[in-house]
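Each chain, letter by letter, is given below.
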2 protein chains.
Amino acid sequence: MLVTVPATSANLGPGFDTLGLAINLRNEIRIKPSKFLSISVKGEGSNNPKIKKNNMFLNIFNEHYKRLTGGRIDNFRFEFFNKIPISRGLGSSSAIIIAAIASAYVAAGESYNKRKILNSALKYEPHPDNITPAVMGGFNVACVHEGKVFSKKHRLPSFLKAVLVIPNKTISTHKSRNILPNTYHKSEVVYSLSRAAYMTALFMSESWELLRIAAKDKIHQDRRMAMMPELYRVQKIAMENGALMSTLSGSGSTFFNMCYEDDAKKIANKLKNAFSEFKILICDLDNYGLIAKS
Amino acid sequence: MLVTVPATSANLGPGFDTLGLAINLRNEIRIKPSKFLSISVKGEGSNNPKIKKNNMFLNIFNEHYKRLTGGRIDNFRFEFFNKIPISRGLGSSSAIIIAAIASAYVAAGESYNKRKILNSALKYEPHPDNITPAVMGGFNVACVHEGKVFSKKHRLPSFLKAVLVIPNKTISTHKSRNILPNTYHKSEVVYSLSRAAYMTALFMSESWELLRIAAKDKIHQDRRMAMMPELYRVQKIAMENGALMSTLSGSGSTFFNMCYEDDAKKIANKLKNAFSEFKILICDLDNYGLIAKS
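Residues numbered from 1 in each chain as written. Chains lettered and ligands numbered in written order. Predicted model: local features only at pLDDT ≥ 70, side-chain atom pairs only at ≥ 80, totals over all residues. Heavy atoms only, no water.

Visitor: Help me understand the interface of chain B and chain A, please; the structure alone is not making it clear to me.
Guide: Many authors give the size of an interface as the accessible area that is lost as the parts come together. Each side of the interface is counted separately: chain B has 41 residues, and chain A has 41 residues. Where chain B abuts chain A, roughly 3300 Å² becomes buried across the two surfaces, and 73% of that area is made up of carbon and sulfur atoms. Linking chain B to chain A there are seven residue pairs in polar contact (both at pLDDT 80 or more). Taken together, the elements giving at least two residues each to the side of chain B that touches chain A come down to strand S5 (139-145), strand S6 (148-154), strand S8 (183-185) and helix H7 (186-205) of chain B. Residue contributions to the side of chain B that touches chain A peak at 15 residues, all from H7 of chain B. Looking at the side of chain B that touches chain A residue by residue, the class counts come to 23 nonpolar, twelve polar and six charged. One ladder, built from three bridges, connects strand S8 (residues 183-185) of chain A with S8 of chain B; its direction is antiparallel. Counterpart to His185 of chain A in the pairing with S8 of chain B is Thr183 of chain B. (Contact = heavy atoms within 4.5 Å. Buried area = accessible area lost by both parts, 1.4 Å probe. Polar contact = N/O pair within 3.5 Å; in protein donor to acceptor, adjacent residues only side chain to side chain. Helix = DSSP H or I, 4+ residues; strand = E, 2+ residues; numbered from the N terminus. Nonpolar A, V, L, I, M, F, W, Y, C, P; charged D, E, K, R; others polar. Pairing = 2+ DSSP bridges.)

Visitor: In this structure, what is going on with the pairing of strand S10 (residues 255-260) of chain B? I would like to understand it.
Guide: Taken residue by residue, a regular strand's side chains alternate between the two faces of the sheet. Residues and elements named next belong to chain B. Counting buried positions along S10 yields five of six residues, so the element is predominantly enclosed. Relative to S10, strand S9 (residues 245-248) runs antiparallel, the two being bridged by four bridges. Bridged to Thr247 within S10 is Phe256. As consecutive antiparallel partners, S9 and S10 are separated by six residues, and within that stretch Gly250 has a phi angle of approximately 60°, a positive value. (Buried < 20%, exposed > 50% of the residue type's maximum accessible area, 1.4 Å probe, protein only.)

Visitor: I tried to follow the environment of Glu79 of chain B on my own but got confused; where do I start?
Guide: Residue and element names in this part refer to chain B. You can see Glu79 is positioned in strand S4 (residues 76-82). We classify Glu79 as buried; its relative accessible area is 14%. Taking C-alpha positions, Glu79 is 5.9 Å from Ile39, a pair spaced 40 residues apart along the chain. Dropping the residues within four chain positions of it, Glu79 is found in contact with Glu28, Ile29, Arg30, Lys32 and Ser40. Side-chain polar atoms of Glu79 contact the side chain of Arg77, separated by 2.9 Å.

Visitor: I tried to follow the side chain of Ser151 of chain A on my own but got confused; where do I start?
Guide: Topologically, Ser151 of chain A is positioned in strand S6 (residues 148-154). Within polar-contact distance, the side chain of Ser151 of chain A engages the side chain of Arg115 of chain A at 3.0 Å.

Visitor: I'm lost on the sheet that holds strand S10 (residues 255-260) of chain A in this one. Help?
Guide: Pairing between the strands of a sheet comes from backbone hydrogen bonds, and it takes one of two forms, parallel or antiparallel. Residue and element names in this part refer to chain A. The four strands are arranged S9-S10-S7-S11 in an open sheet whose pairing can be described as antiparallel. Single-partner strands in this sheet number two, and they are strand S9 (245-248) and strand S11 (279-284). Taking the axes of each pair of neighbouring strands and ignoring which way they run, one obtains an average angle of 20° across the sheet. Of the pairings in the sheet, the one linking strand S7 (residues 160-166) to S10 comprises six bridges and is antiparallel in character. Bridge assignment links Lys161 to a residue of S10, and that residue is Cys259. (Axes fitted to C-alpha atoms, helices over the stretch in contact; angles between N-to-C directions.)

Visitor: What exactly am I supposed to notice about the state of the cysteines here?
Guide: Each disulfide consists of one covalent bond between the sulfur atoms belonging to two cysteines. All names here are of chain A. For the coordinates displayed, the defined rule picks out zero disulfides over all chains. Counting only cysteine sulfurs, Cys259 is the nearest neighbor of Cys283, a cysteine outside any disulfide, at a range of 11 Å. Look at Cys283 and you get buried, because its relative accessible area is 7%. (Disulfide = S-S within 2.5 Å.)

Visitor: Which parts of the structure should I look at to understand unusual backbone geometry?
Guide: Backbone geometry follows two general trends: most residues other than glycine have a negative phi, and most peptide bonds adopt the trans configuration. Residue Gly252 of chain A is joined to Ser253 of chain A through a cis peptide bond whose omega torsion reads 10°. Along the chain, the position of Ser253 of chain A falls in the loop between S9 and S10. Phi is positive for Leu12 of chain B, which is not a glycine, with a value near 50°. Of note, Leu12 of chain B is situated in the loop between strand S1 (2-10) and strand S2 (19-33). Even without being a glycine, Glu206 of chain B presents a positive backbone phi close to 55°. By the secondary structure assignment, Glu206 of chain B is in the loop between H7 and helix H8 (211-214).

Visitor: Where do I start with the relation of the copies chain B and chain A in this structure?
Guide: Both copies of the chain are related by one operation, a rotation about an axis with a shift along it. Overlaying chain B on chain A yields an RMSD of 0.0 Å, the required transformation being a rotation through 180° with an accompanying axial translation of 0.0 Å. Interpreted geometrically, this transformation is the action of a two-fold axis. When C-alpha distances to the rotation axis are compared across chain B, the minimum falls at Ala197 of chain B, with a value of 2.1 Å. (Least-squares fit on C-alpha atoms with pLDDT ≥ 70 in both.)

Visitor: Even after reading the chapter, I still don't get the environment of Thr170 of chain B, so can you show me in this structure?
Guide: All names here are of chain B. Residue placement: Thr170 occurs in the loop between strand S7 (160-166) and helix H6 (173-178). Overall, the relative accessible area of 42% leaves Thr170 in the partly exposed class. On a C-alpha basis, the gap between Thr170 and Gly252 in space is 7.3 Å, while along the polypeptide they are 82 residues apart. Residues in contact with Thr170, not counting those within four places in the same chain, are Ser87, Arg88, Met228 and Ser253.

Visitor: Explain the sheet that holds strand S11 (residues 279-284) of chain B here, please?
Guide: All names here are of chain B. Ordered in space as S9-S10-S7-S11, the four strands form an open sheet in which the pairing is antiparallel. On the outer flanks of this sheet lie S9 and S11, each paired with one strand and no other. Between one strand and the next, the sheet's axes are offset by a mean angle of 20°, whatever the strand orientation. Where helix H10 (residues 230-240) meets the sheet, it contacts S7, S9 and S10, and its direction lies at approximately 165° from that of S9.

Laid out in structure tokens, this is it:
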């Protein structure tokens with residue numbers, strides 16, 4: 001059995017807790033029936049004892065496996081091949097949650113649908129902006145209504161690339177959430193709400209050039225970037241070298257830059273020169289989301 | 001010369017100062033060269049001495065006519081045939097502004113483009129949500145960036161109809177703006193921002209049935225409806241009888257209900273029975289926006 005889930009970049013500037021897209025940088029899990037529970041981790045997190053235990057994955061897997069099998073407990077071997085950097089704002093937790101639920105379905109031999117898995121994931125991650133593209137792939141707009149995710153997907157063309165700037169340090173999601181005020185001025189609300197809606201229209205009508213106008217925010221982005229001011233320079237360099245948009249990925253610390261294929265190398269090289277200590281990756285975007293094969 | 005501009009319904013629930021659409025209920029102005037300035041008004045506003053003077057129209061017309069002709073002053077006869085109810089949240093002021101600017105272009109014999117007229121209108125009406133559909137027609141998402149309107153239009157199919165509920169009293173735009181707080185809680189922001197973006201995706205993907213989920217708001221709508229509590233019953237009756245969405249039009253007092261053609265009469269009749277003192281109109285939506293012919 002094989003379950004793979006892509007990285008995701010959420011918020012996309014003005015789309016706080018709402019917009020997100022999938023990046024073809026995947027965590028893979030191979031699952032085999034086994035006499036004993038066994039786990040191996042390769043790639044991201046393999047040198048982190050906390051990650052190696054995979055408690056979050058196992059707890060969610062077990063909860064759903066029991067539910068689906070009417071209480072059976074079976075043992076499996078889980079082999080993780082992780083490419084999504086951990087705690088960098090690329091949806092690594094959401095990927096674990098989605099992978100755990102989907103793994104339970106395939107291990108139990110049950111058919112699943114993506115909408116059901118997405119709604120189940122909301123229990124562990126109440127914000128839909130990472131889990132939705134992680135399941136669905138593509139660009140997604142999502143809102144939560146009565147405990148369910150309502151979302152709309154738009155496929156991303158292959159000539160668009162992500163240039164990810166992954167700093168050598170984290171901004172903790174917790175700290176990054178706590179830095180945000182509880183209230184926002186009406187002008188800040190209108191600024192971001194109008195751009196979130198406009199950005200949605202631009203993705204859906206594939207008007208890429210205008211993303212430069214839409215990808216600005218007054219709710220979360222500047223407040224979070226202030227915690228790692230180098231990011232302002234990342235953004236400046238990316239935009240000056242042809243990026244279509246350059247936004248904090250989730251709550252950081254990664255910066256997500258989207259560009260035409262032809263501009264990707266130039267943007268990546270300029271960023272590498274300026275930030276030798278950061279990891280710079282050119283990635284495809286992803287339109288598949290969760291893939292789970294029995 | 002003939003200039004016509006449609007009514008518009010702005011906000012559409014969560015899309016505060018951002019979303020709007022055009023309704024085929026038009027103000028028409030016929031313009032002829034004349035020895036003296038002369039004005040006639042038929043239809044809405046014809047019994048209102050303030051409206052009959054048309055000072056706002058004339059001031060804006062003269063400003064642009066002078067600019068376009070290099071300072072010439074000529075006289076015209078303006079015949080207004082007004083169908084847009086005044087001060088009811090259907091974009092009557094925006095229609096006057098757009099009509100005045102467009103009339104100056106045609107009277108001066110100058111070619112115009114819609115984007116230019118829209119940006120000029122922003123000087124007189126700083127919120128883009130009525131002026132954009134008034135110029136462009138259709139459903140529009142708009143934001144303001146460096147003094148210009150950036151907007152995206154989506155055409156509306158003819159099988160959708162508007163059922164307008166026009167109360168016999170106004171909610172003043174001024175009072176309706178002042179009743180809104182200066183700050184909003186983060187949860188209110190996310191609630192409306194996510195639905196504004198989701199609604200945009202639904203209009204653009206023509207997923208009409210899901211508008212029922214998206215057309216909810218926590219920024220302005222309830223606060224304004226509280227000033228005329230009958231509107232809650234208008235909304236309830238419309239939604240119970242098949243409306244796809246039922247939202248306060250602009251800052252009120254009109255309620256905008258959108259539905260499939262087949263449901264329009266039923267919704268209108270139920271509302272007529274419940275609110276004999278209100279005007280109920282079934283209208284087509286509009287995809288043309290401003291029309292100006294020399």
